[in-house]
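Reading the structure
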Amino acid sequence: MSVLEINQLSAFYGKARALNDISIKLDKGEIMAVIGANGAGKSTLLDSIVGLTRTTGDIRFEGQLLNECSAADIVNSGVGYATERFNLFPYMSVYDNLMVGAYTARDDVEQNLELVYDLFPRLKERETQETGTQSGGERQMVSLGRALMSSPKLLLIDEPTIGLAPKVCLDMAAALRDLNQSTSLTILITEQNVNFAMSLAQNLHVLETGMIRMSGTPEELKANPDLNKAYFGSS
Ligand SMILES: Nc1ncnc2c1ncn2[C@@H]1O[C@H](COP(=O)(O)OP(=O)(O)OP(=O)(O)O)[C@@H](O)[C@H]1O
Ligand SMILES: [Mg+2]
């Protein structure tokens, strides 16, 4: 059974259609990336999975239909979401922001905190720092860490490399790979950084104006002249 199965999903803001007939499937332990330019619909896709938009079509998590569920129920059922605009509490410490994520998984707090600090040792060093004074990359780590504190079975990450230096992108890729390998966590990321996405994901989809234009493994997409033209400026 797939962990996540989306069939013919469309999403709407008022009358405007931001996603058009999206179908994707993720198996347990898979890392999938959805790549696309600004406004392609990446955040809308992840928001839709956790019930934050008006949609048509089916979204199933471990076989259960999510469409009628509240965002709180969806997170409770095991979907962690590290959002693009991270929504951290700026006047709270790193530790307290992480604990907000632990709200739905109180039995696993110690174990999850250890996992987060292993992945991002810098967060342990900065445990008492207010997140509002942290760098963009550090906040990205807190956002991801907070999603992990909820013991997710499926982790959604919106543009994990946004604003990160190339070296920090490599660290982030290594952290996500470790996490995936050590816990078989299923991960769906969105990205504009095609190289990062290809270095991490087994399967990718290219989103353009709310529609999937191309799909495949990194090797298949690298061989596709349309993708090369759109993202690397050459054919
Ligand atoms: N709350 C909203 N109300 C109206 N339109 C919206 C809203 N949120 C997003 N949109 C529109 O939906 C489309 C998809 O936006 P979305 O934020 O999903 O794109 P994105 O791929 O995440 O872009 P970016 O890379 O800039 O984050 C855009 O045209 C955007 O203007
Ligand atoms: Mg976005």
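Residues numbered from 1 in each chain as written. Chains lettered and ligands numbered in written order. Predicted model: local features only at pLDDT ≥ 70, side-chain atom pairs only at ≥ 80, totals over all residues. Heavy atoms only, no water.

1. Quick word on the sheet that holds strand S3 (residues 31-35)
Note the cut-off: Whether two strands pair depends on DSSP finding at least two bridges between them. A run of H or I in DSSP becomes a helix once it reaches four residues, and a run of E becomes a strand once it reaches two; helices and strands are each numbered from the N terminus. Fitted lines through C-alpha atoms serve as axes, helices being fitted only where they are in contact, and the angles separating the N-to-C directions of these axes extend from 0 to 180 degrees. Residue contacts follow a heavy-atom distance rule, with two residues in contact if any of their heavy atoms lie within 4.5 Å.
Taken in spatial order, the six strands line up as S6-S7-S8-S3-S9-S10 in an open sheet, and their pairing is mixed. Looking at which strands have only one partner, the edges of the open sheet turn out to be strand S6 (79-82) and strand S10 (211-216). For this sheet the average axis-to-axis angle between neighbouring strands, irrespective of direction, equals 20°. Sheet topology places strand S7 (residues 154-158) next to strand S8 (residues 186-191); five bridges connect them, and they run parallel. Its bridge partner lying in S8, Leu156 is registered against Leu188. Against the sheet, helix H6 (residues 136-148) makes contact with S6 and S7, and its axis sits at roughly 170° relative to S6, the strand it touches most.

2. Some points on the packing of helix H3 (residues 94-101) against helix H4 (residues 109-119)
Let me state the cut-off plainly: An angle below 35 degrees is treated as roughly parallel, one above 145 as roughly antiparallel, one from 65 to 115 as roughly perpendicular, and anything else as oblique. In a left-handed crossing the near helix is turned counterclockwise from the far helix by less than a right angle, and in a right-handed crossing that turn is clockwise. In this classification, Asp, Glu, Lys and Arg are treated as charged, Ala, Val, Leu, Ile, Met, Phe, Trp, Tyr, Cys and Pro as nonpolar, and every other residue, Gly included, as polar.
Two numbers describe how H3 lies on H4: the axes approach to 11 Å, and their chain directions differ by 125°. Classified by the angle between their axes, H3 and H4 sit oblique to one another. Seen along the crossing, H3 lies across H4 with a hand that is right-handed. Of H4, the residues touching H3 (which contributes Tyr95, Leu98 and Met99) are Val109, Leu113, Val116 and Tyr117. Residue composition of the contact of H3 with H4, grouped by class: seven nonpolar, no polar and no charged.

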